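Structural overview for review
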Amino acid sequence: AQTVTQSQPEMSVQEAETVTLSCTYDTSENNYYLFWYKQPPSRQMILVIRQEAYKQQNATENRFSVNFQKAAKSFSLKISDSQLGDTAMYFCALGGANSKLTFGKGITLSVRP
Amino acid sequence: EAGVAQSPRYKIIEKRQSVAFWCNPISGHATLYWYQQILGQGPKLLIQFQNNGVVDDSQLPKDRFSAERLKGVDSTLKIQPAKLEDSAVYLCASSLDRAATNEKLFFGSGTQLSVL
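Residues numbered from 1 in each chain as written. Chains lettered and ligands numbered in written order. Predicted model: local features only at pLDDT ≥ 70, side-chain atom pairs only at ≥ 80, totals over all residues. Heavy atoms only, no water.

**A closer look at the state of the cysteines**
Put simply, the test is: Criterion for a disulfide: a pair of cysteine sulfur atoms within 2.5 Å. Secondary structure elements follow DSSP: runs of H or I of four or more residues count as helices, runs of E of two or more count as strands, with numbering from the N terminus. Categorising residues by exposure relies on relative accessible area from a 1.4 Å probe, with only protein chains included: less than 20% of the type maximum marks a residue as buried, more than 50% marks it as exposed, and the intermediate range marks it as partly exposed.
Summed over all chains, the structure comprises two disulfides over all chains. Between the sulfur atoms of cysteine 23 of chain A and its disulfide partner cysteine 92 of chain A the distance amounts to 2.1 Å. Here the S-S torsion is close to -70°, and the disulfide linking cysteine 23 of chain A with cysteine 92 of chain A is therefore left-handed. Within this pair, whereas cysteine 23 of chain A is found in the loop between β3 (19–21) and β4 (24–26), its partner cysteine 92 of chain A is found in strand β10 (residues 88–96), the two being separated by 69 residues in sequence. Among the residues examined, cysteine 23 of chain A registers a relative accessible area of 1% and is labelled buried. A relative accessible area of 1% means that cysteine 92 of chain A is categorised as buried. With its sulfur 1.9 Å from that of its partner, cysteine 23 of chain B forms a disulfide with cysteine 92 of chain B. Every disulfide takes its handedness from the sign of the S-S torsion; for cysteine 23 of chain B and cysteine 92 of chain B that torsion is -70°, giving left-handed. In this pair, cysteine 23 of chain B is assigned in strand β3 (residues 19–24) and cysteine 92 of chain B in strand β9 (residues 88–95), connecting sequence segments 69 residues apart. Of the two residues, cysteine 23 of chain B and cysteine 92 of chain B, neither departs from the other in class, the shared state being buried.

**Description of the nonpolar core**
Stated formally: Joining through side-chain atoms within 4.5 Å is the link that ties buried Ala, Val, Leu, Ile, Met, Phe, Trp, Tyr and Cys residues into a set, and such a set is a nonpolar core.
Counting residues in hydrophobic clusters, the biggest one holds 26 residues, and the most contacted among them are Leu21, Trp36, Phe75, Leu77, Tyr90 and Leu109 of chain A. Every element with two or more residues in this core is listed here: β3, β5 (32–39), β6 (46–52), β8 (64–69), β9 (74–79), β10 and β12 (107–112) of chain A. In terms of residue count, the dominant contributor to this core is β10 of chain A (four residues). Counting 21 residues, the second-largest nonpolar core is a separate cluster that includes Ile13, Trp34, Leu46 and Phe49 of chain B.

**Things to note about the interface of chain A and chain B**
For the record, the criterion: In this analysis, two residues are considered to be in contact whenever any of their non-hydrogen atoms come within 4.5 Å of each other. Defined in terms of a 1.4 Å probe, buried area is the accessible area two parts forfeit on being brought together, summed over both. A carboxyl oxygen of Asp or Glu within 4 Å of a side-chain nitrogen of Lys or Arg is what we treat as a salt bridge. Pairing of N or O atoms within 3.5 Å defines a polar contact, subject to two protein rules: one partner must be a possible hydrogen donor and the other a possible acceptor, and residues neighboring in sequence count only if both atoms are side-chain atoms.
Between chain A and chain B, the residue contacts involve 19 residues of the former and 25 residues of the latter. Roughly 1800 Å² is buried in total at the junction of chain A and chain B, and carbon and sulfur atoms are behind 51% of that figure. Its largest share of buried area at the contact with chain B, chain A owes to Arg43, Met45 and Lys100 of chain A, together 36% of the area lost on that side. At the boundary of chain A and chain B, one finds one salt bridge. In this structure, the salt-bridge partner of lysine 100 of chain A is aspartate 56 of chain B, at a minimum N-O distance of 3.4 Å. Viewed at the interface, chain B and chain A are joined by nine residue pairs in polar contact (both at pLDDT 80 or more). Elements supplying a minimum of two residues to the side of chain A that touches chain B: β5, β6, β10 and β11 (99–103) of chain A.

**Focus: unusual backbone geometry**
A negative phi holds for most residues other than glycine; trans holds for most peptide bonds. Cis rather than trans, the peptide bond between serine 7 of chain B and proline 8 of chain B has omega equal to -10°. As for its position among the elements, proline 8 of chain B is in the loop between β1 (5–7) and β2 (10–13). Residue proline 81 of chain B follows glutamine 80 of chain B across a cis peptide bond; omega there is -5°. Looking at the element boundaries, proline 81 of chain B is found in the loop between β8 (75–79) and β9. Residue arginine 43 of chain A is not a glycine yet carries a positive backbone phi of 80°. Its relative accessible area of 8% is what places arginine 43 of chain A among the buried residues.

**Quick look at the pairing of strand β4 (residues 31–37) of chain B**
Residues and elements named next belong to chain B. Rules: Being paired, for any two strands, means DSSP has found at least two bridges between them.
Of all seven residues in β4, seven are buried, a share of seventy percent or more. Across the two faces of β4 the burial is the same, with Thr31, Tyr33, Tyr35 and Gln37 and Leu32, Trp34 and Gln36 all buried. The hairpin formed by β4 and strand β5 (residues 44–50) contains six residues between the paired strands, and glycine 40 there has a positive phi angle of roughly 85°. Of the strand pairs in this sheet, β4 and β9 are connected by seven bridges, and their pairing is antiparallel. When the bridges of β9 are listed, threonine 31 appears paired with serine 95.

**Looking at the pattern of salt bridges**
This model, assessed by the stated rule, comprises six salt bridges over all chains. Among the ionic pairs, aspartate 26 of chain A bridges to lysine 73 of chain A, the shortest N-O distance being 2.7 Å. Of the two residues, aspartate 26 of chain A sits in strand β4 while lysine 73 of chain A sits in the loop between β8 and β9, which places them 47 residues apart along the sequence. Two residues, lysine 62 of chain B and aspartate 57 of chain B, come together in a salt bridge whose shortest N-O distance is 3.7 Å. Judged by relative accessible area, aspartate 57 of chain B falls into the partly exposed class, the value being 26%.

So this is what it looks like as structure tokens:
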């Protein structure tokens, strides 16, 4: 079985500042993938960034980057230059070659003007 | 490109009634997923289709939930009879293929179900 833990229920950040969202996971697979999805109030989940476990280099997508620590089974998301449109719930997710996609409980991020 | 379409957006029913949700995935996407998202939790996979065949329905409460994707395109999810604990957002998602598990999922806006 695989698990995803997001222990922070909510965070707040000032516009233009940087915020880091934490995620830890557990899996018995060697070949797996990690994702961060954003869910705004419209409810439509959108992929923010993904990381293949076999890649050592941390993934980046514009203002979004991850800190992937494989040994520690940690996968945090850093949002730089936070914008009001970043206000949403963020879900960490884990998928494997032999297992379904598992989501964490999510974290509510509020960006203050 | 049109996204994943879901209807209705909201539904309120009384317990023991039946309800159905509809999903039309992105054109050409072979894989379709139904997720249940209870308030305060992450989405939980109910059922996964590859074309019109079921790949995974291990977490689908089969005594009351059913789903079909007859022509390998759109899909319906039904609950009969509904219970209070079925109150949740039901999300539909699609992807090009299931073979690669790093596939990007495209989600619809979901149906928010309230069972009174």
